[in-house]
Amino acid sequence: MSGTRSDGELLRRIAAERDRRAFEELYRRYAPWLAARLRGRCADPAMVDDVVQETFLALWRGKAVYREDGDVAGWLWRIGARRLVDALRGDGARGRLRQALARLRHRDEASAEERVLSGVEHGDLAGALTRLSPELRAVLQATVIDGLTTREAAVLLGIPPGTVKTRAMRARKQLREALA
């Protein structure tokens, strides 16, 4: 075999053939990145390690299916972020079922990533985001970029849901003003 296989090829081989080598290659490619990103959200290294393992186990067991319509890193991040919220919340499978049902209801809507990228392409969103306070930026990251609900963002950020809503409103107002 010559060269490095694409992420899509690895995922197809994992799904269709249960190819262990493809799985291991994808794991080596993304597990360190995912762990580093999750450590930015959770100070418990054991929990981060568990979440990384659960993320890749979901892929191996076929519970997480890549639909070939986006970035593999972003897809893995969404799985990992939701697993982290589940772990922090402590309701595992029940929480994942609720999230799966919510995703089915909103399948035809543009994803949070698509909305943000559209704003970056058509305005000075990046500059406006850097001018937000870290607290407002963290709420936007959790709710818009990571696609978490208000309740999930509250758990992740360690603040009440009402505070998440208030900060999200303030952030949107400041962004509208900055982009007007």
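Procedures and definitions
- Residues numbered from 1 in each chain as written.
- Predicted model: local features only at pLDDT ≥ 70, side-chain atom pairs only at ≥ 80, totals over all residues.
- Heavy atoms only, no water.
- Salt bridge = Lys/Arg side-chain N within 4 Å of Asp/Glu carboxyl O.
- Helix = DSSP H or I, 4+ residues; strand = E, 2+ residues; numbered from the N terminus.
- Buried < 20%, exposed > 50% of the residue type's maximum accessible area, 1.4 Å probe, protein only.
- Phe/Tyr/Trp six-rings, centres within 6.5 Å; stacked < 30°, edge-to-face > 60°.
- Patch = residues over 30% accessible without salt bridge, like charges linked within 9 Å, V, L, I, M, F, W, Y side chains within 5 Å.
- Areas by Shrake-Rupley, 256 points an atom, 1.4 Å probe, with all protein chains shown as cover.
- Lys, Arg positive; Asp, Glu negative; His and termini not counted.
- Charge placed at Lys NZ, Arg CZ, Asp CG, Glu CD.
- Core = buried A, V, L, I, M, F, W, Y, C linked by side-chain atoms within 4.5 Å.
- Contact = heavy atoms within 4.5 Å.

Asks: When you look at the pattern of salt bridges in this model, what are you seeing that I'm missing?
Replies: Close approach of charged atoms allows side chains with opposite charge to pair. The final tally for this structure, using the stated rule, is 8 salt bridges. Note that Arg5 and Glu25 form a salt bridge whose closest N and O atoms lie 3.1 Å from each other. Here Glu25 lies in helix α2 (residues 20–39) and Arg5 lies in the segment before α1 (7–17), a separation of 20 residues in the sequence. Note on Arg5: relative accessible area 9%, which makes it buried. Judged by its relative accessible area of 17%, Glu25 is buried.

Asks: What is the right way to read the packing of aromatic side chains from this model?
Replies: If you walk through the whole model with that rule in mind, you get 4 aromatic pairs. An angle of 70 degrees between the planes, with centres 4.8 Å apart, marks the rings of Tyr27 and Phe56 as edge-to-face. Of this pair, Tyr27 sits in helix α2 while Phe56 sits in helix α3 (residues 45–60), placing them 29 residues apart in sequence. By relative accessible area, Phe56 is classed as buried at 1%.

Asks: Sorry if this is basic, but what is going on with a negative patch on the surface here?
Replies: Judged by side-chain charge, Asp44, Asp49, Asp50 and Glu54 come together as a negatively charged surface patch. Residue position: Asp50 is located in helix α3.

Asks: Looking at this structure, how should I read helix α9 (residues 150–157)?
Replies: Since the α-helix turns once every 3.6 residues, residues separated by three or four places project in the same direction. All of the buried residues in α9 are Glu152, Ala153, Ala154 and Leu156. Gly158 sits one or two residues past α9 and shows a positive phi near 70 degrees.

Asks: I keep staring at unusual backbone geometry and nothing clicks. Help me out?
Replies: What you tend to see is this: most non-glycine residues have negative phi, and most peptide bonds are trans. Here the phi dihedral of Arg18 falls at roughly 55 degrees; this positive angle occurs in a residue that is not glycine. In this fold, Arg18 is placed in the loop between α1 and α2. For Arg18, a relative accessible area of 41% puts it in the partly exposed group.

Asks: Explain the nonpolar core to me, please; I cannot follow it from the model alone.
Replies: Side chains of nonpolar character tend, in soluble globular proteins, to be buried together. Ranked by internal contacts, the top residues of the largest apolar core, which has 37 residues, are Leu38, Val52, Phe56, Leu59 and Trp75. Looking at this core, the elements that each hand over two or more residues are α1, α2, α3, α4 (72–89), α8 (134–145), α9 and α10 (161–179). Looking at this core, the element that brings in the most residues is α4, giving 9 residues. Each residue touching Val52, except ones within four places of it in the same chain, is listed here: Tyr27, Ala31, Leu34, Ala35 and Leu38. Leu132, Leu136, Leu140 and Ala171 belong to the second-largest nonpolar core, a separate cluster that totals 6 residues.

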